[in-house]
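Given next are the chains, with one letter for each unit.
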Amino acid sequence: MSQPKPLNLPFDPIDRAAESWRARFGPSSAMAAVTSIMRAQQILLSQLDSLLKPHDLTFARYEALVLLTFSHTGSLPLWKIGERLMVHPTSVTNTVDRLEKSGFVCRLPNPRDGRGVLAEITGKGREVVRRATDDLMAAEFGLTMYAEDELRQIFDQLRTLRVAAGDFAGASMRQDEEHGGLL
């Protein structure tokens, strides 16, 4: 997997910033945590985009294609793509534009909504999702340094943040998971 250029600093700049923060402003745990999350996002996005580049994809475009493959019809309204991927409508339009130019999706009128548009995955799109997914799975999505239980802990920790932000009804999901299923 192509890696971003290592910084090879002789110290942890986020830890150093946390020390300075503590001295100047007080407790720094939240600042250090959010800065670490943001840096991790930069690293992972760079790695994933490098893996996907040979497929003429970015991670954002890959996510949209995967979402379409999960749809039972292979198509979804653009607004639903935005809702499910939690992105702005303009981002969906740009993503679908690029996927359409690559021949991975086509736009169709929505038969249920005269003004709406569907994005539908093409055969070429399904093939590129298969190949790209093979590459991402082989690279463990850039997280090879973590064991399976650590990955679950990361997911659980960040899920708390997503619930607090209102992404979904966390209490009902957690309650149902205790009974072995998802709502």
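Residues numbered from 1 in each chain as written. Predicted model: local features only at pLDDT ≥ 70, side-chain atom pairs only at ≥ 80, totals over all residues. Heavy atoms only, no water.

1. Quick notes on unusual backbone geometry
- A positive phi is found at Asp56, a non-glycine position, where the angle reads about 60°.
- On the secondary structure map, Asp56 appears in the loop between helix H2 (29-52) and helix H3 (59-70).
- Accessibility expressed as a relative area gives 37% for Asp56, which makes it partly exposed. (Helix = DSSP H or I, 4+ residues; strand = E, 2+ residues; numbered from the N terminus. Buried < 20%, exposed > 50% of the residue type's maximum accessible area, 1.4 Å probe, protein only.)

2. Thoughts on the side chain of Arg61
- Positionally, Arg61 belongs in helix H3.
- No salt bridge forms around the buried Arg61; measuring N to O, its nearest opposite-charge neighbour Asp56 is 4.3 Å away.
- In this structure the side chain of Arg61 is engaged in a polar contact, spanning 3.5 Å, whose partner is the backbone oxygen of Asp56.
- For Arg61, the contacting residues outside a window of four places in its chain are Asp56, Thr95, Arg98 and Leu99. (Lys, Arg positive; Asp, Glu negative; His and termini not counted. Salt bridge = Lys/Arg side-chain N within 4 Å of Asp/Glu carboxyl O. Polar contact = N/O pair within 3.5 Å; in protein donor to acceptor, adjacent residues only side chain to side chain. Contact = heavy atoms within 4.5 Å.)

3. Observations concerning H2
- The end-to-end C-alpha distance of H2, which contains 24 residues, comes to 34 Å, matching closely the 34 Å that a straight helix rising 1.5 Å per residue would cover.
- By the burial criterion, the buried members of H2 are Met31, Ala32, Gln47, Leu48, Leu51 and Leu52.
- Packing partners of the buried residues in H2 comprise helix H1 (13-24), H3 and helix H6 (123-138). (Expected span 1.5 Å × (residues − 1).)

4. A closer look at the nonpolar core
- Counting residues in hydrophobic clusters, the biggest one holds 26 residues, and the most contacted among them are Leu52, Leu57, Tyr62, Leu65, Leu68, Ile81 and Leu99.
- For this core, the elements supplying multiple residues, two or more each, are H2, H3, helix H4 (78-85), helix H5 (89-101), strand E3 (117-121) and H6.
- Residue contacts for Leu52: discarding those within four places in its chain leaves Leu57, Thr58, Phe59, Tyr62, Ala132 and Leu136. (Core = buried A, V, L, I, M, F, W, Y, C linked by side-chain atoms within 4.5 Å.)

5. Here we look at the pattern of salt bridges
- Taken as a whole and judged by the stated rule, the model has seven salt bridges.
- For Arg107, the salt bridge goes to Asp97, with nearest N and O atoms at 2.8 Å. You can see Arg107 sitting in strand E2 (residues 105-109) and its partner Asp97 sitting in helix H5, a full 10 residues away along the chain.
- The partly exposed category is assigned to Arg107, whose relative accessible area is 27%.
- Between Arg131 and Glu127 there is a salt bridge, with the nearest N and O atoms lying 3.4 Å from each other. Of this pair, Arg131 and Glu127 both sit in helix H6, four residues apart, roughly one helical turn.
- A relative accessible area of 32% places Glu127 in the partly exposed class.
- What emerges from the salt-bridge pattern is a single network uniting Glu127, Arg130, Arg131 and Asp134.

6. Focus on the layout of surface pockets
- Size it by volume and the second largest pocket reaches roughly 320 Å³.
- Considering the residues around the second largest pocket, the lining is formed by 13 residues, among which Thr73, Ser75, Leu76, Pro77 and Arg112 are closest to the centre.
- Secondary structure elements with two or more residues in the lining of the second largest pocket: strand E1 (75-77) and H4.
- By residue number, the principal contributor to the lining of the second largest pocket is E1, which donates three residues.
- In terms of residue class, the lining of the second largest pocket is made up of five nonpolar, five polar and three charged. (1 Å grid on protein atoms, 1.4 Å probe; cavity = no way out; pocket = protein on both sides within 12 Å on 5 of 7 lines; lining within 4 Å. Points joined across faces, edges and corners; volume = space filled by probe spheres on them. Nonpolar A, V, L, I, M, F, W, Y, C, P; charged D, E, K, R; others polar.)

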